[in-house]
Amino acid sequence: ERQAGDWDQLGEGAPALRRAVFIEEQTIPAELEWDADDAGAVHGVARNRLGQVVATGRLLRDAAHPGMARIGRVSVHRVLRGTGWGARLMGLLEEQARRRGDREVRLHAQRSAERFYTRLGYEVCGEPFVEAGIAHIEMRKPL
């Protein structure tokens, strides 16, 4: 099951998964993981048959570039990576962006996930950079 909504609607399962992936697994400091953008974002979650959140991400507007969306905080439960949950979640967030009139999505991909996003139609733009101590690359996809 895939569901999109605001933090109040989906905030019960998404934070636990983000904490497990980003803070515990990748050792990103908690103060970098949680920010004010969560309040205004469209959040997406994918749940397994037991109702557990197995993938999550968020969709933001880029105030400086109307018509451009930003997807971030994409995370999939460690044991379920490579099983299609991430692609289904990305499809949900892209669908939400398209529905509100966005023409392009951009994201900061961890280099370890670059091939995942390439398979979904994203292209590299710009040079690699380090964010929260992890190598990233900006990628974009027209909608």
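Residues numbered from 1 in each chain as written. Predicted model: local features only at pLDDT ≥ 70, side-chain atom pairs only at ≥ 80, totals over all residues. Heavy atoms only, no water.

Engineer: Help me understand the confidence of the model for the protein chain in this model?
Structural biologist: Residues shown with low pLDDT carry predicted positions that ought not to be read at fine detail. Looking at the protein chain, pLDDT values average 93 and 100% of them are 70 or higher. Within the protein chain, the lowest mean pLDDT, 82, falls on helix H1 (residues 7–10), and the highest, 98, falls on strand E6 (residues 123–124). (pLDDT = per-residue confidence, 0-100. Helix = DSSP H or I, 4+ residues; strand = E, 2+ residues; numbered from the N terminus.)

Engineer: Can you help me understand the side chain of Arg18 in this one?
Structural biologist: Note that Arg18 resides in helix H2 (residues 14–25). Those residues within four positions of Arg18 in sequence are excluded, and the remaining contacts are Trp7, Ile23, Glu33, Trp34, Asp38, His43, Thr56, Arg58, Arg73 and Ser75. (Contact = heavy atoms within 4.5 Å.)

Engineer: Just checking my understanding: could you explain helix H5 (residues 85–99) for this structure?
Structural biologist: Helical geometry note: an α-helix holds 3.6 residues per turn, so side chains three or four residues apart project in the same direction. For H5, spanning 15 residues, the distance from its first C-alpha to its last is 21 Å, which sits close to the expected 21 Å at 1.5 Å a residue. If you check which residues of H5 are buried, you get Trp85, Gly86, Leu89, Met90, Leu92, Leu93, Glu94, Gln96 and Ala97. (Expected span 1.5 Å × (residues − 1). Buried < 20%, exposed > 50% of the residue type's maximum accessible area, 1.4 Å probe, protein only.)

Engineer: Where do I start with the pairing of strand E2 (residues 42–47) in this structure?
Structural biologist: Remark: a regular strand shows side chains that alternate across the two faces of the sheet. Here E2 lies mainly inside the structure; five of its six residues are buried. Bridge count for E2 against strand E3 (residues 53–61) is six bridges, and the pairing is antiparallel. By the bridge assignment, Val42 is partnered in E3 with Leu59. Between E2 and E3, which pair antiparallel in sequence order, lie five residues; one of them, Gly51, sits at a positive phi of approximately 85 degrees. (Pairing = 2+ DSSP bridges.)

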